[in-house]
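Architecture at a glance
What follows is the residue order along each chain.
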Amino acid sequence: MQATTRGTSQLLKPEGEWKEYPTGAAYRCEMYVVQEGDGFVAAAALPGVTGRGATESAALEEARKAAAESIRAHKGAGRDIPWARREPRAGEALRVIVVEV
């Protein structure tokens, strides 16, 4: 099972499948984090969703907020969420977070 932020590891499934949780308000989201210059960039497995910060945690928090907005927009428009899962690239760390919407 992958590490999580915000103490929500009990929501994750070890096989890594994408799943909407029973309340419809939380999603398991993979983030790919890399150090760039004097900060970090986190890119979600959701097209166009990124976050930057001085620390890894700050970058993940910015990406979490952007992911929540993107998910709400897709759901509000009646569209499927376009997850774009992939293997981490060289130099990237994979992190798994729970995004509440």
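Numbers given to residues run from 1 along each chain, matching the order in which its sequence is written. Only residues with pLDDT of at least 70 get local features here, since the model is predicted, and only at 80 or more are side-chain atom pairs given and counted; chain-wide, interface and lining totals rely on the full set of residues. Side-chain measures here rest on the full set of heavy atoms in the structure, leaving out hydrogens and waters.

**Side note on the sheet that holds strand β1 (residues 26-36)**
One open sheet accounts for four strands, arranged β3-β2-β1-β4; its pairing is antiparallel. Only two strands of the sheet have a single neighbouring strand rather than two, namely β3 (50-53) and β4 (93-100). Sheet twist, expressed as the average angle between the axes of neighbouring strands with direction ignored, equals 30°. Alignment of β1 against strand β2 (residues 39-44), held across six bridges, turns out to be antiparallel. Bridge pairing in β2 places Val34 opposite Val41. Note: two strands are recorded as paired if DSSP finds a minimum of 2 bridges between them. Every helix listed is a DSSP run of H or I at least four residues long, and every strand listed is a run of E at least two residues long, numbered separately from the N terminus. Orientation is described by lines fitted to C-alpha atoms, with helices fitted over the stretch in contact, and by angles between N-to-C directions that extend from 0 to 180 degrees.

**Comments concerning the nonpolar core**
In these notes, a set of buried Ala, Val, Leu, Ile, Met, Phe, Trp, Tyr and Cys residues joined through side-chain atoms within 4.5 Å is what counts as a nonpolar core. Exposed residues in this analysis have more than 50% of their type's maximum accessible area, buried residues have under 20%, and partly exposed residues fall in between, with area computed by a 1.4 Å probe over protein chains only. Core analysis: the largest hydrophobic core is formed by 17 residues, its most contacted members being Met31, Leu46 and Val99. Contacts: residue pairs with any heavy atoms within 4.5 Å of one another. Ignoring sequence-local partners within four residues, the contact set of Leu46 consists of Ala67, Ser70, Ile71, Ile81, Pro82, Trp83 and Ala84.

**What about helix α1 (residues 56-76)?**
With 21 residues, α1 should cover 30 Å at 1.5 Å per step; its first-to-last C-alpha distance of 30 Å lies within 8% of that length. Where α1 is concerned, the buried positions are Ala59, Leu60, Ala63, Arg64, Ala67, Ala68, Ser70, Ile71 and His74. Buried residues along α1 sit against β1, β2, β3 and β4. Taken from the residues just after α1, Gly78 is the one with a positive phi, measuring 75°. One fewer than the residue count of a helix, multiplied by 1.5 Å, yields its expected span.

**Side note on the packing of aromatic side chains**
Pairs were defined over the aromatic rings of Phe, Tyr and Trp, the Trp ring being its six-membered one, requiring ring centres within 6.5 Å. Orientation was assigned from the angle between planes: stacked under 30 degrees, edge-to-face over 60, tilted for the rest. Inspection of the entire model under this criterion finds one aromatic pair. With a centroid separation of 6.3 Å and 45° between ring planes, the pair formed by Tyr27 and Trp83 is classed as tilted. Of the two residues, Tyr27 is situated in strand β1 and Trp83 in the loop between α1 and β4; the sequence distance between them amounts to 56 residues. Residue classification places Tyr27 among the buried positions, given a relative accessible area of 4%. One Lys or Arg, Arg86, reaches over the ring of Tyr32 and ends 4.0 Å from the middle of that ring. A ring is considered to have a charge above it if a Lys NZ or an Arg CZ atom is located within 6 Å of its centre and within 35 degrees of its normal.

**A few points about the confidence of the model for the chain**
In this model, the chain carries an average pLDDT of 84, and 76% of its residues clear a pLDDT of 70 or more. Note that pLDDT drops below 50 for residues 1-14; the model gives that stretch 26 contacts with residues more than four away or on any other chain. Confidence scores here are pLDDT values: one per residue, from the predictor, ranging 0 to 100.

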